[in-house]
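For reference, the chains in residue letters:
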Amino acid sequence: DYDFGGGTFEYALRIQEVYGAAEFPTNPIVITELRFRPNVNGMTPFSTTISNIEVHLSTTSAHWDQLNNTFATNVSANDTIVLQGPLNISSAVTGPAGGPKDFDIIVPLTTPFVYNPAAGNLMLDIRNYTGSGSASVYLSGSANGSDDCSRAVAVGNPDSTTTSFQDSGIDALEVVYQPTNVAVVAPVITQQPQSRT
């Protein structure tokens, strides 16, 4: 964790972050939720609503630290809007005093995303149209480039088609998923309840 947190939810911006395929299971997965953690310094418990945000997931052939300045070039044909509209987020800012804090900033996806690591890296593309309002929301992550992740950032214009700058940091991300070979079966009533006194 680093002293300067990421402003992904704090500011109106568009940000693309690439997470290396090697960080995931080898088989396809169904991503149902994303979790972030608050920055280690300067954060207090909060609850706020981002009134207009759009979250996309896709597979990408783009390599970390080599993203194109044009956002559209970095995503693939399976680009999927997994969340659109208002988002309520909160954090109790729990965890060790020196960090890292707990992954308790929860982003439930309204549309699950099937990700196949064999097809490329995972692209997280967030368009935050309004920022977090009055709450300070700085995310934990790496301020330095590494061998498995990177990001390209356009700050201040979520409708931007090109980046205003790039850097090598990334938000720490916890991905909640299930294997694609797990059948999702709705519950059924096998026997009606009997009358009891």
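Residues numbered from 1 in each chain as written. Predicted model: local features only at pLDDT ≥ 70, side-chain atom pairs only at ≥ 80, totals over all residues. Heavy atoms only, no water.

(A) Up close: the sheet that holds strand β11 (residues 173–179). Taken in spatial order, the three strands line up as β5-β2-β11 in an open sheet, and their pairing is antiparallel. Whereas interior strands pair on both sides, the edge strands pair on one side only; in this sheet they are β5 (105–115) and β11. Between one strand axis and the next, the sheet turns through 20 degrees on average, direction left out of account. When strand β2 (residues 29–36) meets β5, the two strands line up antiparallel, connected through seven bridges. What sits directly across from E33, in β5, is P108. (Pairing = 2+ DSSP bridges. Helix = DSSP H or I, 4+ residues; strand = E, 2+ residues; numbered from the N terminus. Axes fitted to C-alpha atoms, helices over the stretch in contact; angles between N-to-C directions.)

(B) Highlighting the pattern of salt bridges. By the definition in use, this model includes five salt bridges. Measuring nitrogen to oxygen at the nearest pair gives 2.7 Å for the salt bridge that ties D125 to R14. Within this pair, whereas D125 is found in strand β6 (residues 121–128), its partner R14 is found in strand β1 (residues 13–19), the two being separated by 111 residues in sequence. The two residues D125 and R14 agree in class, both being buried. Here E174 ties to R35 by a salt bridge, and the two come within 3.5 Å at their closest N and O atoms. With E174 in strand β11 and R35 in strand β2, this pair connects stretches of sequence that are 139 residues apart. Overall, E174 belongs to the partly exposed group, its relative accessible area being 28%. Classification of R35 by relative accessible area gives partly exposed; the value is 26%. (Salt bridge = Lys/Arg side-chain N within 4 Å of Asp/Glu carboxyl O. Buried < 20%, exposed > 50% of the residue type's maximum accessible area, 1.4 Å probe, protein only.)

(C) Structural detail: the nonpolar core. In this structure, F9, I31, L34, F36 and L124 are the most contacted members of the largest nonpolar core, which totals 35 residues. Breaking this core down by element, the ones donating at least two residues are β1, β2, β3 (46–60), β4 (80–91), β5, β6 and β11. Setting aside residues no more than four positions away along its own chain, I31 makes contact with L57, L109, P112, F113, Y115, L122, V175, V176 and Y177. V18, A62, L67 and M123 belong to the second largest nonpolar core, which has six residues in total. (Core = buried A, V, L, I, M, F, W, Y, C linked by side-chain atoms within 4.5 Å. Contact = heavy atoms within 4.5 Å.)

(D) Geometry of the side chain of S58. Take S58: it is sitting in strand β3. Apart from residues lying up to four places away in sequence, S58 is in contact with V75, S76, N78, D79, F113, N121, L122 and M123.

(E) Structural context of unusual backbone geometry. The step from G99 to P100 runs through a cis peptide bond, and the omega angle for that step is -5 degrees. Tracing the backbone through its elements, the reader meets P100 in the loop between β4 and β5. Even without glycine at this site, V93 takes up a positive phi of about 50 degrees. Here V93 lies in the loop between β4 and β5.

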